[in-house]
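# Overview (structure and organization)
One letter stands for each residue in the lines below.
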Amino acid sequence: MIMFIKYLLFALLVIFMVCAAAYSISSRRTADPLIQGTRRSIMNMLLGGMLVTLSLMSMFIFRGSTLNVVIEAAFLLLGLFNIFSGLRSFSYYSRMRSRS
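Residues numbered from 1 in each chain as written. Predicted model: local features only at pLDDT ≥ 70, side-chain atom pairs only at ≥ 80, totals over all residues. Heavy atoms only, no water.

Another aspect to go through is the overall build of the protein chain. Within the protein chain, the regular secondary structure consists of three helices and zero strands. Shown N-terminal to C-terminal, the secondary structure of the protein chain runs as helices and strands in the order α-α-α. Since a compact globule built from 100 residues should have a radius of gyration of about 13 Å, the 16 Å found for the protein chain marks it as more spread out than a globular shape. Among the 100 residues that make up the protein chain, the fraction classed as buried is 26%. Looking at the protein chain alone, contacts between residues at least 24 apart form 72% of all its contacts between residues at least 6 apart. Of the roughly 6,800 Å² of accessible surface on the protein chain, a fraction of 72% belongs to carbon and sulfur atoms. (Helix = DSSP H or I, 4+ residues; strand = E, 2+ residues; numbered from the N terminus. Rg over C-alpha atoms; globule rule 2.2 N^0.38 Å. Buried < 20%, exposed > 50% of the residue type's maximum accessible area, 1.4 Å probe, protein only. Contact = heavy atoms within 4.5 Å. Areas by Shrake-Rupley, 256 points an atom, 1.4 Å probe, with all protein chains shown as cover.)

With that out of the way, let us pick up a nonpolar patch on the surface. Judged by side-chain polarity, M1, F4, L8 and L12 come together as a nonpolar surface patch covering roughly 440 Å² of accessible area. You can see M1 is positioned in the segment before α1 (2-29). (Patch = residues over 30% accessible without salt bridge, like charges linked within 9 Å, V, L, I, M, F, W, Y side chains within 5 Å. Salt bridge = Lys/Arg side-chain N within 4 Å of Asp/Glu carboxyl O.)

Attention now goes to the side chain of S27. Among the structural elements, S27 can be located in helix α1. Here the side chain of S27 touches S24 through a polar contact of 3.0 Å, landing on its backbone oxygen. With near-sequence residues (within four places) excluded, S27 lies in contact with Q36, R39 and R40. (Polar contact = N/O pair within 3.5 Å; in protein donor to acceptor, adjacent residues only side chain to side chain.)

For helix α3 (residues 66-99), spanning 34 residues, the distance from its first C-alpha to its last is 50 Å, which sits close to the expected 50 Å at 1.5 Å a residue. Looking only at α3, the buried set comprises E72, G79, N82, S85 and G86. Buried residues belonging to α3 abut α2 (33-61). (Expected span 1.5 Å × (residues − 1).)

Moving on, we get to the environment of A73. The topology assignment puts A73 in helix α3. Distance from A73 to T53, taken between C-alpha atoms, is 12 Å for residues 20 residues apart in sequence.

Here the focus is the side chain of S85. On the secondary structure map, S85 appears in helix α3. The class of S85 is buried, set by a relative accessible area of 16%. Looking at S85, its side chain comes within polar contact range of the main-chain oxygen of N82, at 3.2 Å.

This next bit is on α1. Helix length check: α1, at 28 residues, gives a terminal C-alpha distance of 41 Å against a target of 40 Å (1.5 Å per residue), a fit within 8%. By the burial criterion, the buried members of α1 are L9, L13, A20, S24 and S27. Buried residues along α1 sit against α2.

Listed below in structure tokens is the structure:
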């Protein structure tokens, strides 16, 4: 069961990384600032998901020394903050797009 969780987390990490790269490229190629902001907020949420997944992977792979726990907690908090700020940005840009 643990090996299945490890492989699932690795697959999620790869998916988040590829999708974040795709949204990064597409946000830089568009000229409309509202669409650009929306795509960057989605990219921010994907990067947050990638950091959360990376911290969960390290929790399953490494055993709990103090340094590992601190790094895992930092990645987890940073990832959750990225998801939160991406959701806030997405709601802002969605409201701006609906007004125009």
